[in-house]
Amino acid sequence: MTISVLDRRAADARTSTEPQAPLGALHDAAAGVLEELLPCRVNDAELWFAESPADVEQAKALCIGCPVQALCLDGALERREPWGVWGGELFLQGVVIPRKRPRGRPRKSEAAA
Ligand code: SF4
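Nothing here was measured: the structure is a model prediction, and the numbers come from that model.

K.L.:
Just give me the short version of the site of the ligand, but keep the residues and values in it.
P.N.:
Taken together, Pro39, Cys40, Trp48, Cys63, Cys66, Val68, Gln69, Cys72, Val85 and Gly87 make up all the residues around the ligand. The pocket occupied by the ligand, as judged from atoms lying within 2 Å of grid points, is the second largest pocket. Of all the secondary-structure elements, those providing two or more residues to the shell around the ligand are helix 3 (39-42) and helix 5 (69-79). Looking at the shell around the ligand, its residues break down into eight nonpolar, two polar and no charged.

K.L.:
With reference to specific residues and values, describe the environment of alanine 29.
P.N.:
If you trace the backbone, alanine 29 turns up in helix 2 (residues 23-31). Between the alpha carbons of alanine 29 and proline 67 there is a distance of 9.2 Å; along the sequence they are 38 residues apart. Residues in contact with alanine 29, not counting those within four places in the same chain, are Val68 and Leu71.

Criteria and thresholds
- Residues numbered from 1 in each chain as written.
- Predicted model: local features only at pLDDT ≥ 70, side-chain atom pairs only at ≥ 80, totals over all residues.
- Heavy atoms only, no water.
- Near = heavy atom within 4 Å.
- 1 Å grid on protein atoms, 1.4 Å probe; cavity = no way out; pocket = protein on both sides within 12 Å on 5 of 7 lines; lining within 4 Å.
- Sits in = over half its atoms within 2 Å of the grid points.
- Helix = DSSP H or I, 4+ residues; strand = E, 2+ residues; numbered from the N terminus.
- Nonpolar A, V, L, I, M, F, W, Y, C, P; charged D, E, K, R; others polar.
- Contact = heavy atoms within 4.5 Å.

Put into structure tokens, the structure is as follows:
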């Protein structure tokens, strides 16, 4: 079992009694847009939940041109998405973080900085 699975369950338990943000509104808005205009529908969806920092940055860049980007970001913030790229931002444990760190231990020179 990975840490991200544990985080998802914790987030689900935390938000289960809270009112849900408009994920349905996002689906409704997306339904009114041509599917080929939604980058996460026409590209590999795994990119939006990628492990590689470069892939995450690519997903964030693709979101910028999405016609429902603002709605997607608002909903993700309200729902406190546990992970993934939503609305052009990377979420981890419900908050936006600037970038994904590569796997493994930081180099000694990075740790000292
Ligand atoms: S803004 Fe949301 S709906 Fe649009 S491509 Fe990004 S994740 Fe998908």
